[in-house]
Amino acid sequence: ERRGGHDQARELFVEVATRWPKGSLADESLHAACLAAIDAGKLPETEALFARFDREFPGNRLRLRQEILKGRVLAAKKDFAGAAKIFQTVVTTTEIESTRQNARYHLGFALQQLSQHAQVLEVTEPLAVQVAADKALADYAGVFVLRAASQLELAKATAAKLKPGEDSAEKTARCTE
């Protein structure tokens with residue numbers, strides 16, 4: 001079971017950070033423990049690990065990646081506005097492109113949950129371009145599903161605004177060609 005794997009991974013990462021708190025991988029181990037806790041759906045434990053990370057590694061180089069995880073917890077709690085704010089801050093603050101693209105992906109999801117479909121398309125466009133060009137970014141291929149779902153919602157909203165019997169501009173253009 002995947003959840004069991006996440007639980008075991010979390011425990012091992014916490015053990016590394018506890019045994020070697022000044023080790024070169026202590027911060028990464030605790031960050032990985034946070035990620036494993038989120039993936040296992042253990043939100044209270046994730047928040048406790050966040051507090052520990054913030055206490056033991058203030059101003060750490062992984063701070064913005066931790067912020068993305070905090071946004072994911074807010075999204076899991078259905079606080080999509082709070083999550084979107086965190087993700088947007090990371091997108092505009094980070095100098096690391098992989099962190100920016102990770103935040104963009106999650107920002108698109110949060111905005112979609114807020115029915116802000118035009119913004120979903122706007123913020124995910126750079127990520128979609130990169131994923132299409134670089135197969136190494138396949139983990140973010142879900143961005144195409146996010147974008148398609150938002151495009152569909154925008155099309156539905158446009159169609160709902162048309163009066164019965166009124167042709168859309170696209171249909172009219174096809175008929176006059």
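Residues numbered from 1 in each chain as written. Predicted model: local features only at pLDDT ≥ 70, side-chain atom pairs only at ≥ 80, totals over all residues. Heavy atoms only, no water.

A.B. asks: Where do I start with the confidence of the model for the protein in this structure?
C.D. replies: Atom-level detail of predicted coordinates should not be read off regions where pLDDT is low. The predicted model of the protein has a mean per-residue pLDDT of 89, with 89% of residues at 70 or higher. Averaged pLDDT values over the elements of the protein bottom out at 49 in helix α9 (residues 169–176) and peak at 98 in helix α5 (residues 80–93). (pLDDT = per-residue confidence, 0-100. Helix = DSSP H or I, 4+ residues; strand = E, 2+ residues; numbered from the N terminus.)

A.B. asks: Just to check I follow, could you spell out unusual backbone geometry for this structure?
C.D. replies: Across the chain, the bulk of peptide bonds are trans and the bulk of non-glycine residues have phi less than zero. We note that Lys-78 has phi near 70°; this positive angle belongs to a residue other than glycine. For Lys-78, the position within the fold is in the loop between α4 (63–76) and α5. Residues other than glycine seldom take positive phi values, yet Ser-115 does so here, at roughly 60°. With respect to the helices, strands and loops of the structure, Ser-115 is situated in the loop between α6 (97–113) and α7 (117–133).

A.B. asks: How do you make sense of the packing of helix α3 (residues 43–56) against α4 when you look at a structure like this?
C.D. replies: In a packed pair of helices, the relevant descriptors are the angle between the two axes and the axis-to-axis distance. Contact geometry of α3 with α4 gives a least axis separation of 11 Å together with a crossing angle of 155°. Judged by the angle between their axes, α3 and α4 are roughly antiparallel. Relative to α4, α3 is oriented so that their crossing is left-handed. Across the interface between the two elements, Leu-43, Thr-46, Glu-47, Phe-50, Phe-53 and Asp-54 of α3 pack against Gln-66, Leu-69, Lys-70, Val-73 and Ala-76 of α4. Grouping the amino acids of the contact of α3 with α4 by side-chain chemistry returns six nonpolar, two polar and three charged. (Axes fitted to C-alpha atoms, helices over the stretch in contact; angles between N-to-C directions. Parallel < 35°, antiparallel > 145°, perpendicular 65-115°, else oblique. Left-handed = near helix turned anticlockwise from the far one by under 90°. Contact = heavy atoms within 4.5 Å. Nonpolar A, V, L, I, M, F, W, Y, C, P; charged D, E, K, R; others polar.)

A.B. asks: Could you clarify how one ought to interpret the packing of aromatic side chains in this entry?
C.D. replies: Geometry of an aromatic ring pair is reported as the spacing of the ring centres plus the angle between the planes. Under the defined criterion, the tally for this structure stands at three aromatic pairs. Judged by centre distance (5.3 Å) and plane angle (45°), the rings of Phe-53 and Phe-57 are tilted. The two residues Phe-53 and Phe-57 agree in class, both being buried. Centre to centre, the rings of Tyr-105 and Tyr-140 are 5.7 Å apart; their planes meet at 50°, and the pair counts as tilted. Placement of the pair is Tyr-105 in helix α6 and Tyr-140 in the loop between α7 and α8 (142–161), with a sequence separation of 35 residues. In this structure Tyr-105 comes out as partly exposed when scored by relative accessible area, which is 21%. The positively charged end of Lys-70 is found above the aromatic ring belonging to Phe-50, 5.8 Å away from the centroid. (Phe/Tyr/Trp six-rings, centres within 6.5 Å; stacked < 30°, edge-to-face > 60°. Buried < 20%, exposed > 50% of the residue type's maximum accessible area, 1.4 Å probe, protein only. Lys NZ or Arg CZ within 6 Å of the ring centre and 35° of its normal.)

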